[in-house]
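Letter by letter, the chains look like this.
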Amino acid sequence: MARRDLDPATVVPDGRPPAKARLFDGALVGPHRGSVNGEVLGTQVTVLTYGNDEPGKGPVLHVHPYDEIFVVQEGRARFFVGEQVIDAEAGETVLGPAGVPHRFVNLGPGRLQTLDIHLSPRWIQTNLE
């Protein structure tokens, strides 16, 4: 499929160099294996990786002052976003809007792995539980 969403001649580079940072160490154990603040890469997006093998487990209820996008990479999850309950599986994304408390749990069977995209140059969070 050929795409032509923009005219490349209209895009002006902003002078930032390419950048690289380690998101996680595969040898680490535990659900939160790593994060990269956008500040490190010179961008406005922070990325986290989360995973667990235990159905019913997940992060505590928390809130951010910015949107968070969850990408379910493996398994199934139940998201609690404000008053909404959203089930999602590998290949699906879920939005946690700014200021709306949220959490999620592994629905099983097997591993839940997510990539969590914070629309902020750094991770800012208040746990509510």
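The rules we used
- Residues numbered from 1 in each chain as written.
- Predicted model: local features only at pLDDT ≥ 70, side-chain atom pairs only at ≥ 80, totals over all residues.
- Heavy atoms only, no water.
- Phe/Tyr/Trp six-rings, centres within 6.5 Å; stacked < 30°, edge-to-face > 60°.
- Helix = DSSP H or I, 4+ residues; strand = E, 2+ residues; numbered from the N terminus.
- Buried < 20%, exposed > 50% of the residue type's maximum accessible area, 1.4 Å probe, protein only.
- Contact = heavy atoms within 4.5 Å.
- Polar contact = N/O pair within 3.5 Å; in protein donor to acceptor, adjacent residues only side chain to side chain.

Draft legend 1. Representation of the packing of aromatic side chains in the model. Counting across every chain of the model gives four aromatic pairs. A centroid spacing of 5.4 Å and a plane angle of 70° characterise the contact between Phe70 and Phe104, whose relative ring orientation is edge-to-face. You can see Phe70 sitting in strand β4 (residues 68-74) and its partner Phe104 sitting in strand β8 (residues 102-106), a full 34 residues away along the chain. Given the relative accessible area of 1%, Phe70 is considered buried. With a centroid separation of 5.0 Å and 40° between ring planes, the pair formed by Phe79 and Phe104 is classed as tilted. Highlighted residues: Phe79 in strand β5 (residues 76-81) and Phe104 in strand β8, separated in sequence by 25 residues.

Draft legend 2. Highlighting the environment of Thr49. Among the secondary structure elements, Thr49 is positioned in strand β2 (residues 46-52). Each C-alpha atom, one on Thr49 and one on Pro59, is 12 Å from the other, the two residues being ten residues apart in sequence. Other than its neighbours up to four places away in sequence, Thr49 contacts Leu23, Phe24, Pro31, His32, Arg33, Gly34, Gln113 and Thr114. In this structure the side chain of Thr49 is engaged in a polar contact, spanning 2.9 Å, whose partner is the side chain of Gln113.

The values reported here are purely geometric and, on their own, carry no functional implication.
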